[in-house]
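Structural features, examined
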Amino acid sequence: MRSVEWHAGRVRLIDQRLLPAEVRWLELETAEEVARAIREMAIRGAPAIGAAAAFGLALAARRSRSASRAGLLNDLRAAAETLRAARPTAVNLSWAVARLLRRAESEPDRAAIPAALLAEAQALADEDVAVNRRLGEHGAALVQDGDTILHHCNTGALATVDYGTALGVIRTAYEQGKRIHVLVDETRPRLQGARLTAWELQQLGIPFTLIADNAAGHFMRTGQVNLVLVGADRVAANGDVANKIGTYKLAVVAQANGIPFYPCVPTSTIDLATATGDDIPIEERPADEVTALTYRGRPIAPAGVTVANPAFDVTPHRYVTGIVTERGVVYPPFAAGLRRVVGG
Ligand code: MRU
């Protein structure tokens, strides 16, 4: 099952807002609809939104009414801007959009551009799956038989095109026969851990326990965690890592307790143009994501409270043990290692 795919001239994606209660597919016909699905998090996870945006540009090319090549390229640039603006932190989104635009600009024949963009989007989606499998192999070498792994947010098939990054590592280790257990952070406020990671692990038959985010420190201090594996939305050139809000706290507590902390990322998540984590834009999301939760059917906060809801945080590289990629594990000093894996 792919989280996003091209189907009969439309972009089809699983509506992650409804999981795990309901599995429903959305069929989208315009780049604007794809941008809305990304903004409203019907699809989420850095590699998945990159692939969705790529298919969104393929839609824009098919629907353009511009007769000339220059007109079509202008339509594509406008669609690219809308898609790119949907969410600011995950670099995979602008990476995918830039790749598709480059492909369009390299095609001299206007009539050939729609098919070329669809082929490019398909290739990008297929590569994502292949990359995750390689990443899974590299990461699984870090997992010992009997390990308990702490995991944050959702980094599985749903967050990618298929297979997953950190969850792909967990999946590979499990498929290799290692007896592992996963502690799943519920991941407030949108509960990607409780709703999505727990759903995926259940389907895969991988043993796990769901914990409140606030419990992670307790499990680490009491020796019940061997390894912390997370994904990332952007890795800066110096190795600083932006990921789902709450990741920073995990990394600090992991280091304080001598527990290795590894972000697992495709190289498309490494942004050498961003010098440090301070340069990564952090998305601020609507207040109702925090307040709309209910406790036993009742509001969890008084009406009208002021809310801050940053969706991501930055973990400085000094807390990162290593960064797992499809081209191997990068260890400090990160600047040179990241340049090497991105370079090829
Ligand atoms: O806000 P989300 O759900 O899109 O955030 C997702 C994450 O933070 C993931 O850890 C990250 O995108 C990596 S997914 C392979």
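In every chain, residue numbers begin from 1 and rise along the written sequence. Two thresholds apply to this predicted model, a pLDDT of at least 70 for residue-level local features and 80 or more for giving and counting side-chain atom pairs, whereas whole-chain, interface and lining totals are computed over all residues. The side-chain quantities take in all heavy atoms of the structure and omit both hydrogens and water.

1. Comments concerning the site of the ligand
Only a single heavy atom is needed: when it lies within 4 Å of a molecule or strand, its residue is near that molecule or strand. Lining the immediate environment of the ligand, one finds 18 residues, of which Arg 44, Arg 87, Gln 192, Asn 243 and Lys 244 sit closest. A distance of 2.9 Å is found between an oxygen atom of the ligand and a backbone nitrogen or oxygen belonging to Gly 45. Contacts described as polar in this section are N or O atom pairs within 3.5 Å, which, within protein, must combine one atom able to donate a hydrogen with one able to accept it, while residues neighboring in sequence count only if both atoms come from side chains. For the ligand, an oxygen atom lies 2.6 Å from a polar atom in the side chain of Asn 243. A 1.4 Å probe and the Shrake-Rupley method give the accessible areas. Residues count as covered only by the protein chains that appear here. For the ligand, whose accessible area on its own is 410 Å², the fraction buried by protein is 100%. Site definitions follow a grid-based scheme: protein atoms alone, a 1 Å grid, a 1.4 Å probe that fits but cannot get out for cavities, and for pockets an open set with protein on both sides within 12 Å along at least five of seven lines, plus lining residues having an atom within 4 Å of a point. To decide whether a molecule occupies a pocket or cavity, check its atoms: if more than half lie within 2 Å of the grid points, it is inside. Given that more than half its atoms are within 2 Å of the pocket grid, the ligand belongs to the largest cavity. Secondary structure elements are taken from DSSP: a helix is a run of H or I of four residues or more, a strand is a run of E of two residues or more, and numbering for both begins at the N terminus. Counting only elements with at least two residues in the shell around the ligand, the list comes to α2 (46-63) and β9 (241-244). Grouping the constituent residues of the shell around the ligand by class yields 7 nonpolar, 7 polar and 4 charged. Counting the residues that make up the shell around the ligand, at least three belong to each of domain 1 (4-132) and domain 2 (139-343). Note on residue classes: Ala, Val, Leu, Ile, Met, Phe, Trp, Tyr, Cys and Pro are nonpolar, Asp, Glu, Lys and Arg are charged, and everything else, Gly too, is polar. These domain limits were set by an automatic method or by a database of domain assignments.

2. As for empty space enclosed by the protein
Grid points are joined across faces, edges and corners, and a volume is the space filled by probe spheres set on the points. Under the counting rule described, the total for this entry stands at 2 cavities of 30 Å³ or more. If you add up the space inside the largest cavity, you get close to 200 Å³. Looking at the lining of the largest cavity residue by residue, the class counts come to 9 nonpolar, 9 polar and 4 charged. Two domains each provide a minimum of three residues to the lining of the largest cavity, namely domain 1 (4-132) and domain 2 (139-343). Size it by volume and the second largest cavity reaches roughly 50 Å³. What lines the second largest cavity is simply Pro 189, Arg 190, Gln 192, Lys 244, Ile 245, Arg 285, Glu 289, Asn 309, Pro 310 and Ala 311.

3. Overview of the nonpolar core
One recurring pattern in soluble globular proteins: nonpolar side chains tend to sit buried together. Among the nonpolar cores identified, the biggest contains 47 residues, and Val 4, Val 11, Ile 38, Ile 43, Leu 76 and Leu 83 are the most heavily contacted of them. Contributing elements (two or more residues each) for this core: β1 (4-7), β2 (10-14), α1 (31-39), α2, α3 (69-84), α4 (91-105) and α5 (113-140). The element contributing the most residues to this core is α2, with 13 residues. Residues in contact with Leu 83, not counting those within four places in the same chain, are Ala 31, Val 34, Ala 35, Ile 38, Ala 53, Gly 56, Leu 57, Leu 93 and Val 97. Buried Ala, Val, Leu, Ile, Met, Phe, Trp, Tyr and Cys residues that are joined via side-chain atoms within 4.5 Å together make up what is termed a nonpolar core. Each residue is assigned to one of three classes by its accessible area relative to the maximum for its type, calculated with a 1.4 Å probe on protein chains only: buried under 20%, partly exposed between the two thresholds, exposed over 50%. Formed by 26 residues, the second largest nonpolar core is a distinct cluster that contains Ala 216, Phe 219, Ile 270 and Phe 334. By definition, residues are in contact when any of their heavy atoms lie within 4.5 Å.

4. A few points about the side chain of Arg 44
Along the chain, the position of Arg 44 falls in the loop between α1 and α2. Neither His nor the chain termini are counted; the positive set is Lys and Arg, and the negative set is Asp and Glu. When a carboxyl oxygen of Asp or Glu lies within 4 Å of a side-chain nitrogen of Lys or Arg, that pair is called a salt bridge. Buried and unpaired, Arg 44 has Glu 200 as its nearest opposite-charge partner, separated by 6.1 Å. Engagement of the side chain of Arg 44 in a polar contact is seen with the backbone oxygen of Asn 154, the distance being 2.9 Å. Residues within four places of Arg 44 in sequence aside, it is in contact with Gln 16, Ile 49, Arg 87, Cys 153, Asn 154, Leu 158, Ala 159, Gln 192 and Leu 196.

5. A closer look at helix α11 (residues 334-343)
Regarding α11, the residues found buried are Phe 334, Gly 337, Leu 338 and Val 341. Within α11, the buried residues cover an arc of 95 degrees as seen down the axis, which keeps them to one side. Along α11, exposed side chains directed more than 90 degrees from the buried face belong to Arg 339, Arg 340 and Gly 343. Buried residues along α11 sit against β8 (234-236), β11 (270-271), β15 (323-325) and β16 (328-330). What the arc describes is the spread of directions from the helix axis to the C-beta atoms.

6. Side note on the pairing of strand β6 (residues 208-211)
When DSSP finds at least two bridges between two strands, those strands are taken to pair. The pairing of strand β5 (residues 181-185) with β6 spans 4 bridges and is parallel. The residue bridging Leu 183 from the neighbouring strand is Thr 209, located in β6. Handedness of a crossover is defined as follows: orient the strands so they point away from the viewer, and if the path from the first strand over the helix to the second runs clockwise, the crossover is right-handed. Remark: the β5/helix α7 (residues 192-204)/β6 crossover connection has right-handed handedness.

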